[in-house]
Amino acid sequence: MARTGITKDDVKDARQRLIDAGHSVTLDSLRVELGNTGSRSTIQRWLRELEEDDSTLLHDEQLLTDTLRATVVQLARRLQEEAMAQLEQTKAAHQAAQANWQEISDRLRTQVQDLTEQTKRLQHQLSETEQKNTQLLTSHQQDTLKITALTGDNAHLKSLLSTKEQHIASLEEKHQHARKALEHYRDSVQTQREQELQRHEHQIQQLQAELRISQQTISVKQQECTTLKEQTLQLSAELHQARQSVKTVEQQLVALQHNHQQAEQQLYRKDMDLAGLHKEFAPLQEQCAAALAQVVSLQQKEQAWLQERAALSASLSTQQQLWQTFSTINAMSTPTQYIKGEDVIVVDADLD
């Protein structure tokens with residue numbers, strides 16, 4: 001009876017150990033490798049199932065794809081070579097065993113009378129040799145069956161390979177047609193791209209010309225703004241002088257009340273001067289507004305000039321604040337305080 005616990009995995013491991021050691025896989029060798037346990041029928045059943053598992057992928061045509069074709073052919077060729085090598089090894093071992101047995105038999109015939117005990121031992125060895133010979137014959141028969149099966153599989157694989165080669169030839173022909181269509185499409189796309197590139201270059205040239213014109217216009221406007229800045233500085237100086245004069249008049253009003261009439265006349269003259277300055281600023285304000293409108297239009301076309309536009313807008317904003325200050329001075333109806341440094345100037349707008 002088989003020992004309880006002999007499983008398929010035990011037989012598989014024992015068979016692998018025999019293969020790794022270079023020994024032939026037989027029922028007796030497997031039973032010895034398993035520790036002389038397990039029945040022959042159980043070991044043979046597990047061994048048959050392992051061989052069926054190993055040959056499943058070779059007999060399943062659906063698993064043999066184009067990518068595995070070369071691998072399967074190489075594997076079949078290698079199995080055949082290994083089987084032939086194992087057969088030759090078995091034959092050599094068998095011949096060596098026969099020669100050894102013959103030599104032992106000749107020696108025993110000459111020493112049979114004096115070496116009785118030695119003869120018994122040699123007979124026992126002879127029996128073991130015959131048993132090994134029987135095992136080798138059994139293994140040889142099994143190898144022959146495997147070779148026959150592998151030969152059939154090889155023929156089947158060759159047929160399958162021929163079918164696959166025909167399919168590959170058909171696919172190559174379809175690939176050539178597809179490649180021609182792709183080349184035609186590439187030529188048409190290349191022509192279209194060249195036409196679009198020419199149109200794009202023409203548009204770039206037009207934009208560059210417009211950009212040069214815009215740059216020239218901005219340069220002119222910048223010169224005009226520089227001129228306006230200079231004029232603004234001059235007006236600021238005049239305004240400063242006027243404020244100094246007003247301050248002087250106020251000091252005279254505080255110190256010399258008896259010259260009140262003379263101070264009123266001087267303030268009146270200063271108001272007239274400020275009115276004249278305001279009239280002179282009006283045309284400049286219109287020019288700056290027109291320049292600002294042109295600068296804004298150019299800014300919408302050329303965003304690359306954002307920094308210069310910011311500087312120009314800042315200078316224009318400063319001028320507008322100055323003009324608003326002048327307008328406030330002329331439009332005063334109540335005493336207003338102008339602070340400059342630490343001095344406070346009080347202007348009476350009701351002095352006529």
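None of the values given here were measured: they were computed from a predicted structure.

1. Details of the overall build of the protein chain
Part 1: When its secondary structure is counted, the protein chain shows 8 helices and 2 strands.
Part 2: Considering only intrachain contacts with a sequence separation of at least 6, the fraction spanning at least 24 residues in the protein chain is 62%.
Part 3: Of the roughly 25400 Å² of accessible surface on the protein chain, 51% is carried by carbon and sulfur atoms.

2. Here's the deal with the packing of aromatic side chains
Part 1: Taken as a whole and assessed by the stated rule, the structure comprises 0 aromatic pairs.
Part 2: The cationic tip of Arg 45 hangs over the ring face of Trp 46; the distance from NZ or CZ to the ring centre is 4.4 Å.

3. Observations regarding the confidence of the model for the protein chain
Part 1: Here the protein chain averages 78 in pLDDT, while 85% of its residues score no lower than 70.
Part 2: The secondary structure element of the protein chain with the lowest average pLDDT is strand 2 (residues 343–347), at 41, and the one with the highest is helix 1 (residues 8–21), at 88.
Part 3: For residues 57–61, every residue scores under 50 in pLDDT, and the model assigns this stretch 8 contacts once sequence neighbours within four places are set aside.
Part 4: With pLDDT under 50 throughout, residues 333–352 is counted as low confidence; its partners more than four residues away or in other chains account for 35 contacts.

4. Comments concerning helix 1
Part 1: Here helix 1 spans 20 Å end to end across 14 residues, near enough to the 20 Å set by a 1.5 Å rise per residue.
Part 2: Of the positions making up helix 1, those classed as buried are Val 11, Ala 14, Arg 15 and Leu 18. The buried residues of helix 1 occupy an angular sector of 100° when the element is viewed end-on, so they sit on one face. What points out from helix 1, more than 90 degrees from its buried face, is the exposed set Asp 9 and Asp 20.
Part 3: Positive phi appears at Gly 22, one or two residues downstream of helix 1, with a value of about 85°.

5. Some remarks on the side chain of Asp 143
Part 1: With respect to the secondary-structure elements, Asp 143 resides in helix 6 (residues 116–255).
Part 2: For the buried Asp 143, no salt bridge is present, and the opposite-charge side chain at shortest range is Lys 146, 4.7 Å distant.

6. Topic: the pattern of salt bridges
Part 1: Under the defined criterion, the tally for this structure stands at 6 salt bridges.
Part 2: When the shortest N-O distance is used, the salt bridge between Arg 17 and Glu 33 registers 2.9 Å. Residue Arg 17 is located in helix 1, and its partner Glu 33 is located in helix 2 (residues 27–33); the two are separated by 16 residues in the primary sequence.
Part 3: A salt bridge links Arg 40 to Asp 28, with the shortest nitrogen-to-oxygen separation between them at 2.2 Å. You can see Arg 40 sitting in helix 3 (residues 40–54) and its partner Asp 28 sitting in helix 2, a full 12 residues away along the chain.
Part 4: For Arg 40, a relative accessible area of 45% corresponds to the partly exposed category.

7. Topic: the environment of Leu 30
Part 1: Tracing the chain through its elements places Leu 30 in helix 2.
Part 2: The buried category is assigned to Leu 30, whose relative accessible area is 0%.
Part 3: Excluding anything up to four places from it in sequence, Leu 30 contacts Val 11, Ala 14, Arg 15, Leu 18, Val 25, Ile 43 and Leu 47.

8. Let's talk about unusual backbone geometry
Part 1: In this structure, Asn 36 is a non-glycine residue whose phi angle is positive, near 60°.
Part 2: For Asn 36, the position within the fold is in the loop between helix 2 and helix 3.

About the cut-offs
- Residue indices begin from 1 for each chain and proceed along its sequence in written order.
- Totals for whole chains, interfaces and linings use every residue, but because this is a predicted model, local features are given only for residues with pLDDT of at least 70 and side-chain atom pairs only at 80 or more, for both listing and counting.
- With hydrogens and water stripped out, all remaining heavy atoms of the structure feed into the side-chain values.
- Here a helix means four or more residues in a row that DSSP labels H or I, a strand means two or more in a row labelled E, and each is numbered from the N terminus.
- Contact definition: two residues touch when any of their heavy atoms are within 4.5 Å.
- Using the Shrake-Rupley algorithm and a 1.4 Å probe, accessible areas are obtained, with residue cover drawn only from the displayed protein chains.
- A pair of Phe, Tyr and Trp rings is counted when the ring centres sit within 6.5 Å of each other, with Trp represented by its six-membered ring. The angle between the planes then sorts it: under 30 degrees is stacked, over 60 is edge-to-face, the rest tilted.
- Only lysine NZ and arginine CZ atoms are considered, and such an atom sits over a ring when it is within 6 Å of the ring centre and within 35 degrees of the ring normal.
- Within a predicted model, pLDDT stands for the predictor's per-residue confidence, ranging from 0 to 100.
- One less than the number of residues in a helix, times 1.5 Å, gives the span that helix is expected to have.
- Under the scheme applied here, a residue whose accessible area is under 20% of the maximum for its type counts as buried, over 50% as exposed, and between as partly exposed, the area being computed with a 1.4 Å probe on protein chains only.
- Arc definition: it is the arc formed by the directions from the helix axis to the C-beta atoms.
- Positive charges come from Lys and Arg alone, negative charges from Asp and Glu alone, with His and the N- and C-terminal ends not counted.
- We define a salt bridge as a contact between a side-chain nitrogen of Lys or Arg and a carboxyl oxygen of Asp or Glu at a distance within 4 Å.

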